[in-house]
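A structural walkthrough
Letter by letter, the chains look like this.
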Amino acid sequence: MRTLIRNGLVVTADGSFEADVLVEGEQIEAIVRRAPGAAATALAGVAADETIDATGKYVVPGGIDVHTHFELPFGGTFAKDTFETGTKAAAHGGTTTVVDFAPQSKGRPLREGLDAWLAKAEGHSVLDYGFHMMMADVNDATLVEMDELVAEGVPDFKLFTAYPGVFFSPDDHIYRAMRRTRENGGLIMMHAENGPVIDVIAADLVAAGTTDPIGHGLARYAVLEKEATSRVIHLAEAAGVPVYIVHLSSRDALEAVTEARDRGALAFAETCPQYLFLSLDDLGNGFEGAKFVCSPPLRPRDHQEDLWRGLRRDDLQLVATDHCPFDFHGQKELGRGDFRKIPNGLPAVEDRVDLLHDGGVVGGRISRERWVEIMATNPAKLFGMYPRKGTIAVGSDADLLVYDPNRRRTISAATHHMDVDYSVFEGRVVQGASDLVMSRGTILVRDGAWVGPAGHGRFVRRAPADYVRRA
Ligand code: URP
Ligand code: ZN
Ligand code: ZN
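In this report, the structure presented in the accompanying data block is examined. (Residues numbered from 1 in each chain as written. Chains lettered and ligands numbered in written order. Predicted model: local features only at pLDDT ≥ 70, side-chain atom pairs only at ≥ 80, totals over all residues. Heavy atoms only, no water.)

So, on to the packing of helix α7 (residues 222-239) against helix α8 (residues 251-262). Relative placement of two packed helices is described by the angle separating their axes and the distance separating the axes. Following both chains from N to C, one finds α7 and α8 inclined at 25°, their axes separated by 7 Å at the closest point. Judged by the inter-axis angle, α7 sits roughly parallel to α8. Pair α7 / α8 crosses with right-handed handedness. Two secondary-structure elements touch here, α7 through A222, V223, E225, K226, T229, S230 and I233 and α8 through D252, A253, E255, A256, V257, E259 and A260. (Axes fitted to C-alpha atoms, helices over the stretch in contact; angles between N-to-C directions. Helix = DSSP H or I, 4+ residues; strand = E, 2+ residues; numbered from the N terminus. Parallel < 35°, antiparallel > 145°, perpendicular 65-115°, else oblique. Left-handed = near helix turned anticlockwise from the far one by under 90°. Contact = heavy atoms within 4.5 Å.)

Within the fold, E369 resides in helix α12 (residues 368-382). Relative accessible area serves as the criterion here: at 19%, E369 is assigned to the buried category. In contact with E369, not counting residues within four places along its chain, are V11, T12, A13, G15 and S16. (Buried < 20%, exposed > 50% of the residue type's maximum accessible area, 1.4 Å probe, protein only.)

This part takes up the coordination of the zinc ion (ligand 3). Within the protein, H67 (NE2), H69 (NE2) and D322 (OD) serve as the donor atoms for the zinc ion (ligand 3), at 2.0 to 2.1 Å. One can describe the donor arrangement at the zinc ion (ligand 3) as irregular, given that its four donor atoms subtend angles of 88 to 140° at the metal. Taken in sequence order, the residues that donate to the zinc ion (ligand 3) follow the motif H-x1-H-x252-D. A separation of 3.9 Å is found between the zinc ion (ligand 3) and the zinc ion (ligand 2). Comparing H67 with H69 shows no difference in burial state: the two are buried. (Donors = N, O, S within 2.8 Å, 3.2 Å for Na, K, Ca; no water. Tetrahedral: all angles 85-135°; square planar, octahedral: opposite > 155°, others 65-115°.)

What is shown is where atoms sit, not what they do.
Laid out in structure tokens, this is it:
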């Protein structure tokens, strides 16, 4: 199959230019710039099975979301989207690759968790997918397994200073895992909140009668995110390795990352759409606030502009969703009467690309090139997929969006494709939407309609990202 995309404005992290893009099979075969004033490029007459007119549109790399949780067991239930529903929803929103977290069950081998997640994805995911490993135990056996997983294309490991009794790791375990990545080239990703202290504060709040979802936001102090962020960066410096902070939510934690980067530490961080667009106020509407419970929690609104500044200054390198959806009815309701029992997480995988375009580019906070960089290019670079993915270049996978920067749409649970009964962005009007979503040369979504084959996605064996060691 040969597809020619004509007359678009190609936008990459490095710049924008008018060009035609020729896709042959699964890869980009040619990119020919249109000379100023010229009506057509040399590709105009090339034989193609399909020619797409992208006049007035951007041609951009498909989005890469490096933080999703499909089917994750949490708080006595499971994140609702499967690999099939979740990746289809992601595709509708302009994402073409996801990296999900395969969870290790406490006391069980890492491999068992990874195999279970590979089986869930294979034949079901419509998007190319990779995995990070979520580690519950750091011990002699799992350290050896880490080496094996790095060699098999699963080179990153999430550890937690939160969730005592579930995923929490003490500092010595974190340090041992970090040391191991010094040898095997892997990357440690940290959920950085001081979980044990948060649990004390949360118990005090419940004892004093605060049981509504707002208690979740009140208990998880931003300073306890900052403390844990600073601590794990120092641990990484002691171990002599880079570290990546997931779902950074607050100005306070950003200060810790910025200070570390200013002194030359190899500290990297993502934030998420919910922290850029939602706030602590959303947690405050009685039990309705349960829809917005995630960890770290939403912060006061005035943190948002600091996070945007972090994205502009590259103290935050990318935006991922931490997509972890639970129905309000029947799942979030498990926490009625005690906010500690509300499953943590919210749906966002479908909305990330458009929200960032609207709030970022249309909102005048970032350039369209930086938009591409934080939603596709940097995720590919930091997670070992570049330049195969995350850019528009000859030989790269043809993971492309024909993107209309002017189309407006209203986000709603009534029209979204995620398998969850509410939207945290309900009623928000966003400017910018994908007219066409292509994955490895196959069109998946056209004008909002699914046209792709089932189970199109393939496992992406990722290289340890030397980018984080050279940065
Ligand atoms: O609330 C969240 N973030 N749920 C998913 C699990 C995690 O910590 O990423
Ligand atoms: Zn986390
Ligand atoms: Zn997460």
